[in-house]
Amino acid sequence: MSCPQSLGITLNHTRYRSFYARMCASGKYTSRGPALIPRMKTKHRIYYITLFSVVLLGLIATGMFQFWPHSIESTAEWSLDRRSVHDAPLVRLPVSSPIPERGDLSCRMHTCFDVYRCGYNPKNRIKVYIYPLQRFVDEVGVPISSTGLSREYNDLLSAISDSDFYTDDVTRACLFVPSIDVLNQNSLRIRETAQALAMLPRWDKGMNHLLFNMLPGGPPDYSTALDVPRDRALLAGGGFSTWTYRQGYDVSIPVYSPLSADVELPEKQPGPRRYFILSSQTAIHREYRAELERLKEENGEALLLLDKCSNLSQGAASARKRCYKGQVFDYPQILQESSFCVVLRGARLGQATLSDVLQAGCIPVILADSYILPFSEVLDWKRASVVIPEEKLPEMYTILKSIPHRQVEEMQRQTRWFWDAYFSSMKAIGMTALEIINDRIYPYAARTYEQWNNPPVVKWSSVNSPLFLPLIPPRSPGFTAVVLTYDRIESLFRVITEISKVPSLAKLLVVWNNQNKSPPEESLWPKIAVPLKVVRTKENKLSNRFFPYDEIETEAVLAIDDDIIMLTSDELQFGYEVWREFPDRLVGYPGRLHLWDHEMGKWKYESEWTNEVSMVLTGAAFYHKYFNYLYTYKMPGDIKNWVDAHMNCEDIAMNFLVANITGKAPIKVTPRKKFKCPECTAIDGLSLDQTHMVERSECINKFASVFGTMPLKVVEHRADPVLYKDDFPEKLKSFPNIGSL
Amino acid sequence: MQAKKRYLLVSLGACLLLVAYLWGLVAQRPGLRLHRQHWPEWTHPLSPYLEDGEQEQDSPLLHHQHTSPRERREIRNNIYKSRRCRMDTCFDFRRCQRGFKVYVYPLPKGEKVSESYQKILTAVEDSRFHTTDVNQACLFVLGIDTLDRDQLSGQYVHNVKAKIQSLPTWNDGRNHLIFNLYSGTWPDYTEELGFDIGQAILAKASIDMDNFRPHFDVSIPLFSKDHSQKGGDKGYLTLNNVPPSRKYLLVFKGKRYLTGIGSETRNALYHIHNGEDIILLTTCKHGKDWEKHKDTRCDRENEEYSKFDYQELLHNSSFCLVPRGRRLGSFRFLEALQAACIPVLLSNGWELPFSEIIDWSKAAIIGDERLLLQVPSITRSVDHDKILALRQQTQFLWDAYFSSVAKIVLTTLEIIQDRINSHISRNKLMWNSLPGGLYVLPQFSTDAAVFPFYYSSLGKSPSQEFTAVIQAVTPLQSQLQPLVKLIIAVAKSKFCAQIIVLWNCDKPLPSKNKWPSTAVPITVIEGERKTMSSRFFPHDVILTDAVLSLDEDSVLSTNEVDFAFFVWHSFPDRIVGYPARSHYWDSSKSRWGYTSKWTNEYSMVLTGAAFYHRYYHYLYTHYLPPSLLTMVDRMSNCEDILMNFLVSAVTKLPPIKVTQKKQYKETMMQQGSKTSRWADPDHFAQRQTCMNSFSGWFGFMPLLHSQMRLDPVLFKDQVSILRKKYRDIERL
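In this report, we go over the structure that sits alongside the text. Bear in mind the structure is a predicted one, so any value in this text is a computation, not a measurement. (Residues numbered from 1 in each chain as written. Chains lettered and ligands numbered in written order. Predicted model: local features only at pLDDT ≥ 70, side-chain atom pairs only at ≥ 80, totals over all residues. Heavy atoms only, no water.)

So, on to the overall build of chain B. Each helix and strand counted, chain B has 23 helices and 25 strands in total. Relative to its length of 732 residues, chain B is extended, with a C-alpha radius of gyration of 34 Å against a globular reference of 27 Å. Taken along its principal axes, the extent of the C-alpha atoms in chain B is 130 × 90 × 80 Å. Counting across all 732 residues of chain B, residues that qualify as buried make up 60%. Within the structure as shown, chain B displays about 30500 Å² of accessible surface, and the carbon and sulfur contribution to it stands at 54%. Counting 89 positive and 76 negative side-chain charges, chain B places the centres of these two groups 4 Å from one another. (Helix = DSSP H or I, 4+ residues; strand = E, 2+ residues; numbered from the N terminus. Rg over C-alpha atoms; globule rule 2.2 N^0.38 Å. Buried < 20%, exposed > 50% of the residue type's maximum accessible area, 1.4 Å probe, protein only. Areas by Shrake-Rupley, 256 points an atom, 1.4 Å probe, with all protein chains shown as cover. Lys, Arg positive; Asp, Glu negative; His and termini not counted. Charge placed at Lys NZ, Arg CZ, Asp CG, Glu CD.)

In this section: the pairing of strand E6 (residues 176-180) of chain B. All names here are of chain B. When you tally the buried positions in E6, you get five out of five residues, the bulk of the element. Side chains His176, Ile178 and Asn180 of E6 all project onto a buried face; the interleaved residues Leu177 and Phe179 project onto the opposite face, where all are buried too. When strand E4 (residues 139-141) meets E6, the two strands line up parallel, connected through two bridges. Along E6, the bridge assignment pairs Phe140 with His176. Note that E6 and strand E8 (residues 201-205) share four bridges and pair parallel. Across the sheet, the residue bridging to Phe179 is Ala203, located in E8. (Pairing = 2+ DSSP bridges.)

Further remarks concern unusual backbone geometry. The omega angle of the peptide bond from Tyr331 of chain A to Pro332 of chain A is 5°, so this bond is cis rather than trans. The topology assignment puts Pro332 of chain A in the loop between strand E12 (327-330) and strand E13 (338-344). The phi angle at Asn159 of chain B is positive, at roughly 60°, despite the residue not being glycine. Of note, Asn159 of chain B is situated in the loop between strand E5 (148-149) and helix H6 (160-165). Despite not being glycine, Asn171 of chain B shows a phi value in the positive range, around 55°. Structurally, Asn171 of chain B is set in the loop between H6 and E6.

The interface is formed by 140 residues belonging to chain B together with 155 residues belonging to chain A. Each partner contributes to the roughly 13800 Å² buried at the junction of chain B and chain A, and carbon and sulfur atoms together form 55% of this total. Put simply, chain B and chain A have 12 salt bridges between them. The interface formed by chain B and chain A includes 57 residue pairs in polar contact (both at pLDDT 80 or more). The dominant element in the side of chain B that touches chain A, judged by the number of residues it contributes, is helix H1 (residues 2-32) of chain B, at 11 residues. For the side of chain B that touches chain A, a count of residues per class yields 53 nonpolar, 46 polar and 41 charged. (Contact = heavy atoms within 4.5 Å. Buried area = accessible area lost by both parts, 1.4 Å probe. Salt bridge = Lys/Arg side-chain N within 4 Å of Asp/Glu carboxyl O. Polar contact = N/O pair within 3.5 Å; in protein donor to acceptor, adjacent residues only side chain to side chain. Nonpolar A, V, L, I, M, F, W, Y, C, P; charged D, E, K, R; others polar.)

Residue and element names in this part refer to chain A. Strand order in the open sheet formed by three strands is E22-E21-E23, and the pairing between neighbours is antiparallel. The two strands at the open ends of the sheet, each matched to only one other strand, are strand E22 (602-606) and strand E23 (615-616). Across two bridges, strand E21 (residues 591-597) lies against E23 in antiparallel orientation. Residue pairing in the sheet places Gly591 in a bridge with Val616 of E23. Sheet strands touched by helix H21 (residues 690-707): E21, E22 and E23. Its angle to E22, the strand with the most contacts, is close to 135°. (Axes fitted to C-alpha atoms, helices over the stretch in contact; angles between N-to-C directions.)

Residues and elements named next belong to chain B. Looking only at helix H9 (residues 298-305), the buried set comprises Cys298, Glu301 and Asn302. Summarising the axial view, the buried residues of H9 lie within an arc of 100°, below the 170-degree limit, and thus occupy one face. Exposed positions of H9 whose direction lies more than 90 degrees from the buried face are Arg300 and Glu303. Looking at the buried side of H9, the elements it contacts are strand E11 (278-283) and helix H8 (290-293). (Arc of directions from axis to C-beta.)

So this is what it looks like as structure tokens:
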């Protein structure tokens with residue numbers, strides 16, 4: 001990841017230099033220029049001057065011609081100029097203007113959506129076009145909507161136009177958003193609005209058009225989807241019921257609460273609240289209210305039933321107050337005082353209260369049968385709400401009481417996250433709706449469940465191991481031993497001979513890291529039963545040991561230094577067996593520990609006899625070949641280069657990498673024995689000394705800062721054969737020769 | 001002349017410059033478009049979309065207009081029937097108040113049902129939801145085979161309509177579940193069943209989104225009549241290969257319909273077949289008269305078709321195409337899933353199997369029939385990490401929900417049960433990650449964080465305390481008896497939150513002052529039934545994640561307890577215990593054998609001294625069938641084997657043995673009180689029998705062997721004992 005950065009710097013550098021060079025060149029050029037003019041005759045000079053002025057005039061004229069007529073339009077085109085809504089072009093709808101068909105309930109993406117318009121592109125992003133604003137009026141000049149463009153719809157459209165979904169090129173668009181505001185059906189004239197939709201130049205039976213509606217239906221029966229006939233247009237609607245929602249086609253959106261723009265509710269830490277259940281809605285049907293009152297009688301103080309304040313005058317202020325028997329509460333602040341908040345259906349299924357409740361971090365208790373919850377296609381509401389059938393309202397208290405505290409806190413956190421990410425503004429709502437449609441068109445690049453549903457805290461701390469399936473690989477493929485060597489041939493040959501005795505060894509790979517010296521002739525190598533390959537490297541780098549060589553055909557890799565001659569065949573075979581049980585971990589012999597040094601306030605490396613282990617040295621360790629790829633191609637930051645430059649700590653880096661991605665500790669196998677000097681490869685021949693330890697401590701601190709966390713896990717166990725040191729005949733043990741010194 | 005020429009030249013040059021300039025301007029104009037046209041900012045303030053900033057109900061005028069909720073529900077229940085059924089309108093929840101019980105109608109006399117349907121019925125009858133009492137039933141399953149509703153098929157059952165109408169509790173299909181695999185027939189293959197299902201829930205394969213009633217019907221996979229009843233074949237994947245790409249990128253082998261419904265997609269496959277890494281083989285041979293319709297490609301394709309082995313293709317390809325056939329779903333789907341070949345679905349409108357709960361984007365590529373030509377580039381664009389993840393997910397899903405008829409049926413039932421009590425149901429995380437929804441009972445908790453499976457994916461870790469549960473069977477007489485010593489040793493552990501003594505002794509409870517005084521509270525629970533299984537009862541007093549299960553004669557030091565608890569913390573989903581046992585396949589008797597001999601490997605640890613997550617208490621009591629629990633109780637034996645079976649079936653991993661002092665084993669095996677069940681000669685034979693009954697019920701042998709034991713890091717190392725944290729473990 002450091003590469004692009006450093007590359008960027010060098011690029012900038014060269015660009016700067018060439019720019020500088022050009023500056024110099026042009027300087028030279030101008031210095032030569034003036035010499036030409038004085039030599040000219042006056043006659044010629046007049047001619048040149050006239051020609052020059054003619055050309056100049058011509059240029060100015062063409063320039064004017066090019067820019068002048070467009071100047072007004074062009075500034076409007078690409079600058080954020082302020083305009084009046086009343087200047088939008090007026091469109092008169094003839095009475096006979098065609099009306100679209102009512103929405104087709106059987107529409108699905110594969111039947112009513114033209115996917116060819118979206119195309120295949122590497123970014124997997126749809127393009128959205130917004131029609132320019134027009135004012136539609138009927139034949140007598142009455143507008144089709146009483147409010148015209150609302151503040152919220154305007155926010156939504158400008159959010160789309162600022163996003164990377166937006167295109168102003170109608171021919172490249174995949175999705176069309178009309179600028180006709182249908183958020184609130186109450187303010188619309190249904191027939192005329194439908195006619196206006198049909199007038200849109202690219203309407204084409206509503207194909208690929210997206211309408212946003214939050215308040216559908218109207219009195220007395222309040223249908224649950226927008227009543228405006230709209231052909232095949234997609235509907236992002238608030239308040240769908242299961243019968244009007246076309247699953248996988250429509251998008252269920254929340255009803256935006258205007259309060260959230262005015263009120264800043266600070267995030268409250270999850271935990272117990274003063275009230276257990278709170279009902280704050282004002283226009284609850286009296287049947288529901290009676291049932292809530294009954295619950296209140298039974299359970300007393302735990303419930304708070306608020307209603308409109310009768311003594312306050314109507315207006316914006318009254319929306320911010322709630323009352324209970326003359327006691328006045330601030331709304332929505334009071335919502336933060338309760339663990340659960342009731343969200344009952346009204347005439348409509350979608351309620352703006354839901355948004356307030358989420359913002360307050362109160363867990364919504366939703367009683368609205370058949371309601372399609374906002375963004376339910378991607379959001380897992382079971383983690384943020386309690387849905388109770390309307391009939392079970394009397395049982396609400398018992399149901400909620402059965403939820404343990406821990407879970408309540410988890411849900412409180414989740415509600416606030418949903419609000420922050422998907423409900424907080426019209427922009428958030430609009431972007432989420434487009435994101436959902438985008439995911440349907442490019443399902444293979446869709447956001448995952450975790451991305452949608454895990455709050456940042458969880459995303460940060462959770463670990464989903466890439467090798468998550470519990471598999472115990474078969475023994476038969478065996479393992480490939482990778483020996484990193486420089487020039488210690490005698491020792492190398494001993495290691496090869498020792499390892500070749502291990503039954504499950506499939507192949508031996510020698511990584512020859514010495515560029516100045518050729519490996520010995522083939523005839524001199526020890527004769528072993530399995531294939532032996534020598535790879536010569538281009539540079540003497542430690543990372544060569546973790547390169548995913550094509551020669552490694554098994555999944556299990558044994559990394560081993562050329563001086564590890566003390567491991568017995570039993571120990572190695574046992575290590576392989578342990579790896580099979582933990583194929584996603586590092587399984588190694590010498591263990592090490594990281595400690596927090598309180599005095600210095602930083603991490604410290606520890607190789608003494610400790611009761612704990614958090615790393616195993618890769619001088620002798622089994623691991624999955626997958627980690628070779630990770631080390632070589634996915635190591636975060638500049639760790640890889642740092643290791644190569646310092647010729648040290650490649651094993652610590654590998655331990656960090658594996659622990660970070662799997663969230664698991666390594667496994668140390670078999671008892672400690674005298675390793676000649678397992679950590680000396682880097683400093684070649686030097687004995688284990690203080691500077692070496694200091695350097696390794698530095699590594700830990702450096703890596704921890706690059707990873708942004710300390711991923712290493714400390715454990716107190718090591719793996720031994722089942723019968724290790726047991727009073728049992730040695731010859732009956734599978735691995736008798738363990739721990740001999 | 002010369003001057004004229006020069007003037008001309010200069011003028012010409014000037015003109016050229018001008019032209020170039022003009023051209024430059026023109027060329028520049030599209031460049032202006034880089035500045036995007038933005039949505040303008042308005043000078044006038046706009047009005048809010050909610051009039052008066054309030055919602056409609058606030059207006060007092062409308063307040064009394066909307067109908068009473070109760071009336072509205074009644075109206076709704078009458079309107080939304082048959083094709084518009086939902087659980088709210090077509091399902092009688094009152095029938096389920098006494099629990100989710102499923103009744104299977106007896107088979108009509110003299111009628112035979114198909115092999116597949118018999119498997120479904122057996123699966124229901126074996127499940128813990130089954131009841132034989134009609135009055136207890138919440139859900140009814142027909143005894144009439146409705147799997148094959150293709151009129152041209154030999155399995156087609158006639159007069160279903162009349163037979164169903166004659167059922168006494170049919171009630172227009174309310175609370176009935178109807179299974180179907182094939183519907184409709186040549187030529188249009190509509191999803192017509194040939195009878196009216198009324199308000200019954202349809203569990204159907206190849207169901208079309210149009211006919212699918214969301215959150216009411218269940219889409220099931222198409223399975224063959226050879227599909228296992230139980231257990232099921234394992235997934236093909238035994239190890240994760242890296243790089244994960246296989247020899248072929250995309251393969252398909254199947255029939256090609258020359259005409260009629262569903263023929264377009266398969267007929268077009270040859271466009272993307274390249275003979276190298278994309279092998280899409282079709283044959284025209286199907287039916288009797290295929291030669292009549294055969295086209296120019298048929299002969300060449302038929303020839304190539306026979307060159308490749310289907311299994312070989314499946315196992316060597318990264319992706320497998322699953323195009324629609326006559327019907328939307330095909331056998332290719334489950335075949336690909338099992339073979340760890342990532343399915344690429346080309347079947348527009350198919351409601352994917354168990355789509356209500358399974359997040360298919362984690363295990364398959366969902367393509368669009370209209371965009372067949374994009375399939376190669378889409379599959380090539382999937383990076384290695386994603387392939388690795390998708391492939392493992394296919395294996396998890398296969399094993400969790402699809403590998404046997406029993407799993408398919410159980411998943412169907414669990415989905416319906418989750419709907420009945422929506423506030424007690426599994427979330428998507430539980431359904432879509434290991435170990436799968438069937439092993440995660442929402443009645444225990446709906447919070448994923450209290451299960452042992454999701455700690456790392458939620459970024460949490462188990463609590464730092466445990467509850468010791470000691471099973472007492474002998475009366476408390478002296479302060480020197482093992483039980484007292486054990487309580488004292490366990491209570492000394494700093495991780496011990498409380499000790500629970502399950503008084504399963506016939507003698508009355510000893511008085512309070514007989515118990516040793518300890519720093520942690522001791523709770524004595526007198527078992528009502530005093531059975532073996534009751535030691536795993538999920539008592540409400542157990543609040544810690546970890547449970548230390550103990551026999552009263554176990555001998556443990558505080559050190560051993562602490563160390564094992566530390567180990568359990570790293571493996572919270574497994575059993576971590578001390579003495580271990582092993583199973584083996586006795587090929588001479590062709591049955592499973594049990595051994596308590598010291599061996600180099602083990603597959604069980606005894607629950608007489610073991611740590612595990614408290615959820616397993618719940619699972620043991622509520623997931624296992626009464627037949628196995630009564631078997632354990634009757635013999636007063638095998639409860640530990642059953643627990644090991646259960647945990648290994650859930651985790652697909654062996655238990656973990658930690659080191660123990662040698663004397664422990666001796667007390668367990670030889671010494672001990674006379675009542676010790678280990679002294680019973682029948683004891684061993686019984687355990688052998690248990691093994692075979694248990695594996696019979698599970699449908700497979702869940703136990704797995706391990707060759708390692710976990711010891712403290714410095715165990716037996718030649719270093720001063722003072723450096724060692726767990727000194728007692730070293731001392732013999």
